[in-house]
Every structure is written in C-alpha cells, then in structure tokens.
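# Residue-level structural notes
Listed below are the residues making up each chain.
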Amino acid sequence: MRYASLASFFLLALLSPACGASTEDCDVNSTASDLAGDGATVCGADATEVNEADWACALTAWSAGTPFVLRYASTGIDSVVEHAWVSDGSRVWILSQDSEDSDIRPPDIDGNECVDPVMESDWETGYDVLGCGSWEPEGNHYQVCGELCTDCGDPDPLPFDP
C-alpha cells in the first residue's frame, strides 16, 4: 500500500506552485498527495471506479484519525471526472477535476470540505462509505487549483483559503 499525508493537503495546494499561479501542473492526484502529506494512506487508484476495498481502506484510516487519500474516476457522457477524498486526520475534503473542455482551457480542481464526516451504508452498493453531514462552503464550492472560472457555474466558485 502506498502512503501520502492528507492533513497538509489543502495548505500545500495554496502554497505550492502546482496550484498557485501556474495551472500547467494542476492535477487532482498530485494535489491530493501534496495536501495529504507524507505518511498518508493512499486508497484506490486514479482512472478506476471506486470499490468496496477502496472505501474500507479510507474508512479504516479515517476511523484511526490517520491521513488518507481515496482516489477514483467516474466516466460521464463527454468526460472523465477524477475524484479524491482527502483527510489530514481531522478534516476531510472532496476534490474533483473534470476533463471536459481541457483542450480549450487549463485544468482546474474544485473542492468542498466535508463537515461532520460519518461512516454510512451506501444503499446502491451495499457497503460502507464516508458521508458528510454538510458541505462547506454551503451551496457553493472552492476553486482549489487553477484559474478562478467565473463563467463555470452559478454561483461562481470561491477561492480556496482554509
């Protein structure tokens, strides 16, 4: 099993050149690993659907207060969305990066903070996953990495500043 640290994930994203002024290296996997920091448990693999073993890995780490990164991808009609659940051992964030329009605009990463995380049973899959009591920012999302896109949705994303 590979390890990376989740606790410093968002702080590093703000300070790192990969997610500061440059959008060339705005990649959800490396951003998640940087934010998680050294020693975090890495669960799941990028470019694959999440499965029960991936969630079990993340839940074990979360229950122990250990930093983790759970990475997976989902395929839509016209794009692939890469996801990462990231924890620093106390806080949990969900990041996503969509490949749609990547040929016409630099990649970016959207995110939310998972407030009051809790283990819950997923009725579709039948196994336990991590759920959130609420999301921050409520009704919106953070622009974790990349250029702030003011034409990408309503409301406009907020700059990430933990």
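Attention here is on the structure that accompanies the text.

### Here's the deal with the nonpolar core
Core analysis: the biggest nonpolar cluster contains 17 residues, and Trp 55, Ala 58, Phe 68, Leu 70, Trp 85, Cys 114 and Leu 130 have the highest contact counts within it. For this core, the secondary-structure elements that each account for two or more residues are helix H3 (52-64), strand S2 (68-75), strand S4 (92-98) and strand S6 (128-136). Considering every element that reaches this core, the biggest residue donor is H3, with five residues. Every residue in contact with Leu 130, bar those within four places of it in the chain, is listed here: Trp 55, Leu 59, Trp 62, Phe 68, Trp 85, Val 92, Pro 117, Val 118 and Met 119.

### Quick look at the environment of Asp 88
Looking at the element boundaries, Asp 88 is found in the loop between strand S3 (80-87) and S4. In terms of polar contacts, Asp 88 uses its side chain to reach the backbone amide nitrogen of Ser 90, at 2.8 Å. Of the polar contacts made by the side chain of Asp 88, one reaches the backbone nitrogen of Arg 91; its length is 2.6 Å.

### Re the layout of surface pockets
In this structure, the largest pocket spans a volume of roughly 180 Å³. Broken down by secondary-structure element, the contributors of at least two residues to the lining of the largest pocket are strand S5 (109-121) and S6. Within the lining of the largest pocket, the residues separate by chemical class into seven nonpolar, two polar and two charged.

### With respect to unusual backbone geometry
Along the chain, Glu 136 connects to Pro 137 via a cis peptide bond; the corresponding omega equals -5°. Structurally, Pro 137 is set in the loop between S6 and strand S7 (142-145). Unusually for a residue other than glycine, Asp 116 sits at a positive phi of about 55°. Among the secondary structure elements, Asp 116 is positioned in strand S5. Asp 116 sits in the exposed class, given a relative accessible area of 56%.

Rules used in this analysis
- Residues numbered from 1 in each chain as written.
- Predicted model: local features only at pLDDT ≥ 70, side-chain atom pairs only at ≥ 80, totals over all residues.
- Heavy atoms only, no water.
- Core = buried A, V, L, I, M, F, W, Y, C linked by side-chain atoms within 4.5 Å.
- Buried < 20%, exposed > 50% of the residue type's maximum accessible area, 1.4 Å probe, protein only.
- Helix = DSSP H or I, 4+ residues; strand = E, 2+ residues; numbered from the N terminus.
- Contact = heavy atoms within 4.5 Å.
- Polar contact = N/O pair within 3.5 Å; in protein donor to acceptor, adjacent residues only side chain to side chain.
- 1 Å grid on protein atoms, 1.4 Å probe; cavity = no way out; pocket = protein on both sides within 12 Å on 5 of 7 lines; lining within 4 Å.
- Points joined across faces, edges and corners; volume = space filled by probe spheres on them.
- Nonpolar A, V, L, I, M, F, W, Y, C, P; charged D, E, K, R; others polar.

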